[in-house]
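# An overview of the molecular structure
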Amino acid sequence: MLLNKNLSMKKDIIKCALSALLMAGGFVSEIFFPYIPYLSMALFVISYLIVGIEVLIVAFSGIFRGNFMNETFLMTIATVGALVIGEYAEAVGVMLFYNIGEMFQEYSVNKSRKSISALMEICPEKANLIMEGEIKEIPAEEVKEGDILLVKPGERFPVDSVITSGETSIDRSALTGESLPRSVKAGDEILSGEINLNGTVHVKALKEAKESAAAKILEMTENASERKSKSEKFITRFSAVYTPLVVILAVLLAAIPPLLIEGQDFSTWIYRALSFLVVSCPCALVISVPLSFFAAIGRSSREGILVKGGTAIESLSKVSRVVFDKTGTLTKGKFEVSRIKPAAGISEAELLHKAALLECNSSHPIALSVMKAYGKAIENMENLNHKEIAGKGVMLEYENKVMLAGNLKLLKDYDVTGTENVSEAEAEGTVVYIAEDGKYLGLIEVSDTLKQDSTEAVNSLKKENILTYMLTGDSKISAQKMAEKLGISEVKSELLPGDKLSALESIMKDNKEAMKTAFVGDGINDAPSIALSDVGIAMGALGSDAAVEASDVVLVDDKPSKILTAIKLARKTMVIVKENIVFALGVKFLVLLLIALGLGNMWFAIFADVGVSVLAILNSMRMLIAKSK
Amino acid sequence: MTLKYKVNNLCCANCAAKMERSINKLKGVKEANLSFMSMRLTVDAEAGTSEEELDRQIEKIVKKVESKCSLTKI
């Protein structure tokens, strides 16, 4: 298939070169050997047939199928017309440059189609199944949830899975554009399509191949070009009227002036009319606009940004407000110890050890994060006798001392001293107070931590004059604190799940008419907001299916800083699309006008027409290499 | 009812636009969308439309506009 294409390309190049050579011969003989009858004419005609015969055949077979208004037919009329009125060189020139233009078009379209399909080779075909101690190679589609698989260095992970044994580093650049390898060990989750770099690992399949990240990314990108933007629809409608209009004008141009104006001969006006036909194809426009969007979709997916179609790009470029869901979007959605503040005379390690003694028997998220921060196991854990005090905390008698962990109420109940300077107001997350034998030891704060790039994401958006909002169910104080830390413009706190939607709605209503509001979320409960917003952005290929389904844009790797990257790429795309529309239309109309006035000839027409196509296509392809910053 | 096709050898953008327009005019077609770059045609047809008849009509249009194109169902 590929070989075939290269071969036909080569054939076309040879054809054009040969024809150009003969055309040059025609010019030479016209100047130097004008006395040899028909020599230059013969050279021009042969040259014409070499490049034109295929076009003529297609045009005539089109006529038999009742297909008149196509470009080959119009090119045939224009060039045969030129031959008839004795403009041999023009006929060759038009046919030759028309062919060169077509060749260039085909080449660039194939090139960008290929660059996208190369991107799509992320779905592995095989998997090594471990069954009863034996390794069996099976097709990736046959992997079932729960299967144990062996993944060797250099292989792609066939399905979304979790490592059960071994450690390695993985390359996820095909999915997220992140070029730094990530080291993983037992318990870490892996997306399908990621490459195992250096260690052999055993993994347990979490999903089937067709439900896994690589397949979903593939499907999304393939479907993306079906959602056409307004500019694409405009171009399609425009092209429907452009060609017939130019043809009608050409006919009128050929007939009316010579009939109405005295002293005007038919041959001048027929020549002008034929020149009109040379620019009758709206190709430059029709090809460059979808090409720009297609290249943009491909370019974005290299950054781990999956854009679902031209409409999404169009809206993204107009985003002036970004609304964030807090948990899981700006924060990691996981609780961690964020502050350890011991009382005077106590060390942090000491405080943490006491807290661990108190919390080691509980499965509460807060207790778990304390134990994680402590990092060690507590000896003789089974012999410790914890007493839960509902709504307040936990009490433990340990080495004849009464130890407490809980809220301030609990400490008050036990008449703990030393809490005078402790205030709850500065807390961002949940605070556990620790006391021993009636003496306050200090506090440990557990909170959901911000993602590494959240602050950067918010700041960079602000620099672009994009307003940022945060929606959260958290208390006003803690939400405000986090918003300040991030630099979020406005925060709406203490929202019940149902309130989020109306909060978003009022932000959208407030926005300027022509501008768009984006909502960024990750969970199932965000799906309605994602659907409601102008641009719904879902975090994570592993995010909830409902959120991904409802979204216009998916950020594969959970990084909020990619939002601005997406917006910038979209803006660049729209600039290119507009440049192409204005440039192509402008040149076409100018050329038509100049020809009608007799200020341009057929050479001028074909150069302008092919030139516009080539420039518009090159401009579109710029998107493939666009910088993300 | 959504039907999906791949239009092979599609290399003229204007032809793609023409095919899309003609297919949109077919009886029983609610919306047809042909992406020139991905060469994928998606047809949203009214329920109860004969699928074979639609396949035949669409193929006819594709061939008429660009004879070297062929249609495969996906």
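Residues numbered from 1 in each chain as written. Chains lettered and ligands numbered in written order. Predicted model: local features only at pLDDT ≥ 70, side-chain atom pairs only at ≥ 80, totals over all residues.

### Details of the overall build of chain B
A count of helical and extended segments in chain B gives 2 helices and 4 strands. Secondary structure elements in chain B, listed N-terminal to C-terminal, are β-α-β-β-α-β. Relative to its length of 74 residues, chain B is compact, with a C-alpha radius of gyration of 11 Å against a globular reference of 11 Å. When the backbone C-alpha atoms are referred to their principal axes, chain B occupies close to 35 × 20 × 20 Å. By residue count, 36% of the 74 residues in chain B fall in the buried class. Considering only residue pairs separated by 6 or more positions, chain B has 61% of its internal contacts joining residues 24 or more positions apart. (Helix = DSSP H or I, 4+ residues; strand = E, 2+ residues; numbered from the N terminus. Rg over C-alpha atoms; globule rule 2.2 N^0.38 Å. Buried ≥ 20, exposed ≤ 12 C-beta atoms within 10 Å, placed from the backbone. Contact = placed C-beta atoms within 7 Å.)

### Thoughts on the overall build of chain A
Scanning chain A from terminus to terminus reveals 21 helices and 22 strands. Taken over C-alpha atoms, the radius of gyration comes to 35 Å for chain A, far larger than the 25 Å a tight globule of 629 residues would show. Summarising its shape, the C-alpha atoms of chain A cover approximately 125 × 60 × 40 Å along the three principal directions. Counting all 629 residues of chain A, 45% fall into the buried class. The contacts in chain A between residues at least 6 apart in sequence include a share of 65% that link residues at least 24 apart.

### Description of the interface of chain A and chain B
It is common to report an interface's size as the accessible area lost on association of the parts. Tallying the contact residues gives 22 residues for chain A and 16 residues for chain B. When contributions to the side of chain A that touches chain B are tallied by element, the ones reaching two or more residues are α4 (88-119), α7 (230-260) and α9 (283-301) of chain A. Here the side of chain A that touches chain B gets 6 residues from one element, more than from any other, and that element is α9 of chain A.

### Here's the deal with the packing of helix α2 (residues 39-64) of chain A against helix α3 (residues 71-84) of chain A
All names here are of chain A. Interaxial distance between α2 and α3 falls to 8 Å at its minimum, and their mutual angle equals 120°. With respect to each other, α2 and α3 are oriented oblique. In this structure, the crossing between α2 and α3 has a hand that is left-handed. Facing α2, whose interface residues are Gly52, Val55, Leu56, Val58, Ala59, Gly62 and Ile63, α3 presents Thr72, Phe73, Met75, Thr76 and Thr79. Residue composition of the contact of α2 with α3, by class: 7 nonpolar, 5 polar and no charged. (Axes fitted to C-alpha atoms, helices over the stretch in contact; angles between N-to-C directions. Parallel < 35°, antiparallel > 145°, perpendicular 65-115°, else oblique. Left-handed = near helix turned anticlockwise from the far one by under 90°. Nonpolar A, V, L, I, M, F, W, Y, C, P; charged D, E, K, R; others polar.)

### As for helix α16 (residues 476-486) of chain A
Residue and element names in this part refer to chain A. Inspection of α16 places Ala479, Met482, Ala483 and Leu486 among the buried residues, and these make up the whole buried set. Seen from one end, α16 has its buried residues packed into an arc of 100°, which puts them on one side. Structurally, α16 contributes buried residues whose contacts are with α11 (326-330), α15 (454-463), β18 (467-471) and β19 (490-492). (Arc of directions from axis to C-beta.)

### Quick look at the domain arrangement of chain A
Taken as a whole, chain A is organised into domain 1 (126-218), domain 2 (294-331 + 451-571) and domain 3 (333-449). One C-alpha centre belongs to domain 1 of chain A, the other to domain 3 of chain A, and the line joining them spans 40 Å. (Domains from an automatic or database assignment.)

### Some points on the nonpolar core
Residue and element names in this part refer to chain A. Membership of the largest hydrophobic core comes to 163 residues, with the highest contact counts inside it found for Val94 and Val553. Top contributing element to this core by residue count: helix α20 (residues 562-596), with 14 residues. Looking at which domains feed residues into this core, each of domain 1 (126-218) and domain 2 (294-331 + 451-571) gives three or more. If sequence neighbours within four positions are ignored, Val94 has contacts with Ala78, Thr79, Ala82, Val278, Met602 and Ile606. The next biggest cluster of nonpolar side chains, apart from the first, holds 30 residues, and it includes Ala356, Leu396, Tyr433 and Val446. (Core = buried A, V, L, I, M, F, W, Y, C linked by C-beta atoms within 7 Å.)

### Here's the deal with the sheet that holds strand β2 (residues 134-139) of chain A
All names here are of chain A. Read from one edge of the open sheet, 6 strands run β2-β1-β3-β9-β4-β7, paired in antiparallel fashion. Each having just a single partner strand, β2 and β7 (189-190) make up the two edges of the open sheet. Across 2 bridges, the pairing between strand β4 (residues 161-165) and β7 is antiparallel. Within β7, the residue paired with Val162 across the bridge is Glu189. (Pairing = 2+ DSSP bridges.)

### Notes on the environment of Asn33 of chain B
Locating Asn33 of chain B in the fold gives a position in strand β2 (residues 29-35). As for Asn33 of chain B and Asn14 of chain B, which are separated by 19 residues in sequence, their C-alpha atoms are 14 Å apart. Once you skip the residues sitting within four places of it in the chain, Asn33 of chain B turns out to touch Glu226 and Lys228 of chain A together with Glu20 and Thr42 of chain B.

### A short note on the confidence of the model for chain B
Per-chain confidence: chain B averages 89 in pLDDT, with 100% of residues scoring 70 or above. On the interface metric, ipTM, the complex scores 0.86, and its pTM is 0.83. (pLDDT = per-residue confidence, 0-100.)

### Some words on the sheet that holds strand β22 (residues 553-555) of chain A
All names here are of chain A. If you trace the 7 strands from one edge of the open sheet to the other, you get β10-β22-β21-β20-β11-β18-β19, paired in mixed fashion. Across the chains shown, the open sheet's two edge strands, defined by having one partner strand only, are β10 (305-307) and β19. Each strand of the sheet is rotated relative to its neighbour by a mean of 20°, with strand direction disregarded.

### Observations concerning unusual backbone geometry
Residue and element names in this part refer to chain A. Even without a glycine there, the phi angle at Glu132 is positive, about 50°. On the secondary structure map, Glu132 appears in the loop between β1 (126-131) and β2. Taking the number of C-beta atoms within 10 Å as the measure of exposure, Glu132 has 5 and is therefore exposed. For Asp437, which is not glycine, the phi torsion reads 50° and is therefore positive. With respect to the element layout, Asp437 can be found in the loop between β16 (430-436) and β17 (439-450). When the 12 C-beta atoms within 10 Å are taken as the criterion, Asp437 is described as exposed.

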